[in-house]
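# Inside the fold
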Amino acid sequence: MTKPTDSALTASRLNESAKMTSHRQWVHVVDNFFQSRWKGLSVAIPYVWLVIFFLIPFFIVLKISFAESLIASPPFSSLFEWSEDAALKMTLIFDNFAYLWEDDLYVKTYLNSVKISTISTILCLLIGYPMAYAIVRASGTMKYLLLLMVILPFWTSFLLRVYAWMGILADQGTLNSFLIWAGIIDQPIRMMYSEFAVYIGIVYSYLPFMILPLYANLEKLDLTLHEAASDLGAHPITVFFTVTLPLTIPGIIAGGLLVFIPATGEFVIPDLLGGGNVLMIGRVLYDEFNSNHDWPVAAAVAIALLILLVIPMMFYQHAQSRQINN
Amino acid sequence: MPSQERDAFLDRPWKDSTAEPFIRIEGVTKRFGTFTAVEAVSLDIYKGELFSLLGGSGCGKTTLLRMLAGFEEPTAGHIYIDGVDMIDVPAYARPVNMMFQSYALFPHMSVEDNVAYGLKRDGVSKAEISQRVADMLSMVELLELQKRKPHQLSGGQRQRVALARALVKRPKLLLLDEPLAALDKRLREQTQFELMNIQDQLGVTFIVVTHDQEEAMTLSTRIAVMDHGQIIQVGEPSEVYERPQTKDIANFIGTINMFDGEVMSSNDSFLLRCPKISKPLKLPSQAELNIGQQVTLAIRPEKIKMTLEDPHDSLQITLRGEVLEFAYMGNISIYRVKIEGEVVLQITIPNLDRMAERKIEWDDQVFISWHPENSLVLRD
């Protein structure tokens, strides 16, 4: 009597488990389907975005840079032409790039842009590093308050903040008025429309981009490493140069690039604070485009700037991949 | 002083009242805001000791160690190392090195550079640095891995780099914060003996912070048991184990069976009347006791004998019980035996024979007995 019952039970169990398995498999298949779809979609969206809003405009600009300036609409020649024998003819004109190289103005402007953004980056690093360090070391509420103060300027328009600096730095501006009132100077100091004003503007505007990656890097740093170094006989200054600094190089590079790259192409700050006295590539680009209506040269300036900036980017990528490999 | 006695003092300077301590901690208190981490700790530690600070988490042992290293400043009290007051000496100038619980190896430096770091700070010549680093690395058997970065090493290897880095400066005092906590059991046992060997070879004084009582027992010359920022007992491992001063210590170090009751007297000795057990239990004779006092009789599991027949020994305390459960551990077996009054005792029996004639098993009726002199009297 017991045996058949047993086997019946086993059979029903088997049956049940088979059902369960098929059900599970089905769920699995559906899950897989959606998972792979979603995965594909979530990866595709940023790429589609990049293609539409970066790659296509980039090729349009590249195309214009190889064209010839015309008084027409659009104000440049077409790259592709159907010749009489129905063949597609492509005309690449390198004159614009040659022109950039031949004309002193452009080379000088590029060099000056790189100089200004390099010095600004170094200034941001020198000011931002101690600030990031202090924020990391601050306790509890104070830390978040300090971080908030770093991010706070982003809540106001960038343009407005640069205008505010015009008010501060002008001959009759806040700073000069204060210095005269305090009896430090008799005559207002000329600060507007100089490289000095541009440096102030860039360092002020881009400092948070230096502080935040440095903060993130320093925050991760294990403080027991400092104790270990100090325990092994290192003076606090030595601890900084042998332990803290080498371990924050990724943060320094990230912050440096976040300041250097946008600062090199900066247009608003040199235009408003530097006036005509400070040559920076962003302004030249703008003038070529809007005042001279020479779109091909403007496009060539933009492409050359891009190439100039891709080099430090590649350096950064290389450094990062090397770090990951380590 | 007889020479034999003097020799004993050479090994155990803490027994010699005239010996100069190497480290003197005098009334050290540390407060963080309103929280007192370490309270009025005084401790003398002698040269060449392997001294353990033992206690649960938050007992103040690590804070005390950090004050010795110079990472924390005592709120009150003094710390003398080799006779010098360390209060105003910053961490980097102390003749002390520390091995961190997390090892704190510099991730951007090779093994070699990690070990050389301390020597470079002291301005030792290049040739001497490479010699001493090589010596140290060969001692911890890492010479062939010297070019590796810390993340390319296993946990045990990292631990040895940390040890080499702390020892290469030949400190007078080495502080070890939970040195073995991150290692697996096998490696831990092996490293324990390595540490003892190294300590023996170099004659450095070690202070080890640990929460692991077994580790403290095997490693140390002496143990200080800490609780709530205070030291509650200092002694050699056997003293702390065999003569714990409080119930807490007895419970923290090893396992112990306890009977609470009232002291009563009979002819020549004291007995304990335990409300749960009908028969009064004989107390050890050395204990100073008063009649009517509430005390606890404590007996270690390995000091209890368990037999199937009545031993008929009037010198011993004999009770009847029933085996509730037992665990075979290989070298020993642990039994839980219920005696009268629902009292459950733990007993460990060495497995002397591979196959006992009749192993004691579940539900067996047994006689358990112990010699009163092997038991302890504890007060709260």
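Residues numbered from 1 in each chain as written. Chains lettered and ligands numbered in written order. Predicted model: local features only at pLDDT ≥ 70, side-chain atom pairs only at ≥ 80, totals over all residues. Heavy atoms only, no water.

## Section: the overall build of chain B
- Scanning chain B from terminus to terminus reveals nine helices and 20 strands.
- C-alpha extents for chain B along the principal axes are approximately 75 × 50 × 50 Å.
- Among the 380 residues that make up chain B, the fraction classed as buried is 47%.
- Excluding contacts between residues fewer than 6 apart, the proportion of contacts in chain B whose partners are at least 24 apart in sequence is 67%. (Helix = DSSP H or I, 4+ residues; strand = E, 2+ residues; numbered from the N terminus. Buried < 20%, exposed > 50% of the residue type's maximum accessible area, 1.4 Å probe, protein only. Contact = heavy atoms within 4.5 Å.)

## Comments concerning the overall build of chain A
- Scanning chain A from N- to C-terminus turns up 13 helices and two strands.
- Computed over its C-alpha atoms, the radius of gyration of chain A comes to 30 Å, more than 25% above the 20 Å expected for a compact globule of 326 residues.
- For chain A, the C-alpha atoms occupy an extent of roughly 115 × 80 × 35 Å along the three principal directions.
- For chain A, with 326 residues in total, the buried portion stands at 35%.
- Considering only contacts within chain A whose residues lie at least 6 apart along the sequence, 68% involve residues at least 24 apart. (Rg over C-alpha atoms; globule rule 2.2 N^0.38 Å.)

## Some details on the packing of aromatic side chains
- In this structure the tally under the stated criterion is 20 aromatic pairs over all chains.
- Look at F106(B) and Y117(B): their rings are 4.7 Å apart centre to centre, the planes differ by 50°, and that puts the pair in the tilted class. Of the two residues, F106(B) sits in the loop between β6 (96–99) and α3 (111–121) while Y117(B) sits in helix α3, which places them 11 residues apart along the sequence.
- Owing to a relative accessible area of 3%, Y117(B) belongs among the buried residues under this scheme.
- Aromatic rings pair up to connect F54(A), F58(A) and F59(A) into one cluster.
- Directly above the ring of Y117(B) sits R121(B), whose terminal nitrogen or CZ lies 4.4 Å from the centroid.
- In this structure, R165(B) packs its charged tip against the face of F106(B), placed 4.7 Å from the ring centre. (Phe/Tyr/Trp six-rings, centres within 6.5 Å; stacked < 30°, edge-to-face > 60°. Lys NZ or Arg CZ within 6 Å of the ring centre and 35° of its normal.)

## A look at the packing of helix α3 (residues 104–137) of chain A against helix α12 (residues 281–290) of chain A
Residue and element names in this part refer to chain A.
- Relative to each other, α3 and α12 sit at 140°, their axes nearing to 8 Å. Classified by the interaxial angle, the pair formed by α3 and α12 is oblique. Here Y106, T109, Y110 and S113 of α3 come into contact with α12, specifically with I281, V284 and E288. (Axes fitted to C-alpha atoms, helices over the stretch in contact; angles between N-to-C directions. Parallel < 35°, antiparallel > 145°, perpendicular 65-115°, else oblique.)

## What to know about the domain arrangement of chain A
Residue and element names in this part refer to chain A.
- Along its sequence, chain A is carved into domain 1 (1–65) and domain 2 (96–325).
- Counting from both sides, the interface comprises five residues of domain 1 and, opposite them, nine residues of domain 2.
- Of the roughly 550 Å² buried between domain 1 and domain 2 on both sides combined, carbon and sulfur atoms contribute 82%.
- The tally of links between domain 1 and domain 2 comes to zero salt bridges.
- Taken together, the connections running from domain 1 to domain 2 amount to one residue pair in polar contact (both at pLDDT 80 or more).
- Of the residues contributing to the side of domain 1 that touches domain 2, the split by class is four nonpolar, one polar and no charged. (Domains from an automatic or database assignment. Buried area = accessible area lost by both parts, 1.4 Å probe. Salt bridge = Lys/Arg side-chain N within 4 Å of Asp/Glu carboxyl O. Polar contact = N/O pair within 3.5 Å; in protein donor to acceptor, adjacent residues only side chain to side chain. Nonpolar A, V, L, I, M, F, W, Y, C, P; charged D, E, K, R; others polar.)

## A word on helix α4 (residues 140–151) of chain A
All names here are of chain A.
- Between the first and last C-alpha of α4 there are 17 Å, a value that for 12 residues agrees with the 16 Å anticipated at 1.5 Å per step.
- Considered for burial, the residues of α4 that qualify are K143, L147 and V150. Taken around the axis of α4, the buried residues stretch over an arc of 55°, which confines them to a single face. In α4, the exposed residues that point more than 90 degrees away from the buried face are T141 and M149.
- Those residues of α4 that are buried lie in contact with α3 and α7 (195–220). (Expected span 1.5 Å × (residues − 1). Arc of directions from axis to C-beta.)

## Section: unusual backbone geometry
- One non-glycine residue, R170(B), adopts positive backbone phi at about 50°.
- By secondary structure assignment, the location of R170(B) is in the loop between α5 (155–167) and β7 (173–177).

## Examining the sheet that holds strand β4 (residues 76–81) of chain B
All names here are of chain B.
- Reading across the sheet, the four strands line up as β2-β1-β4-β5 and stay open at both edges, with antiparallel pairing between neighbours. The sheet terminates laterally at β2 (35–45) and β5 (84–85), the two strands that pair on one side only.
- In this structure, strand β1 (residues 23–32) lies alongside β4, joined through five bridges in antiparallel fashion. Bridge pairing links R24 to Y80 in β4.
- Contacting β1, β2 and β4, helix α2 (residues 61–69) runs over the sheet at an angle of about 115° to β1. (Pairing = 2+ DSSP bridges.)

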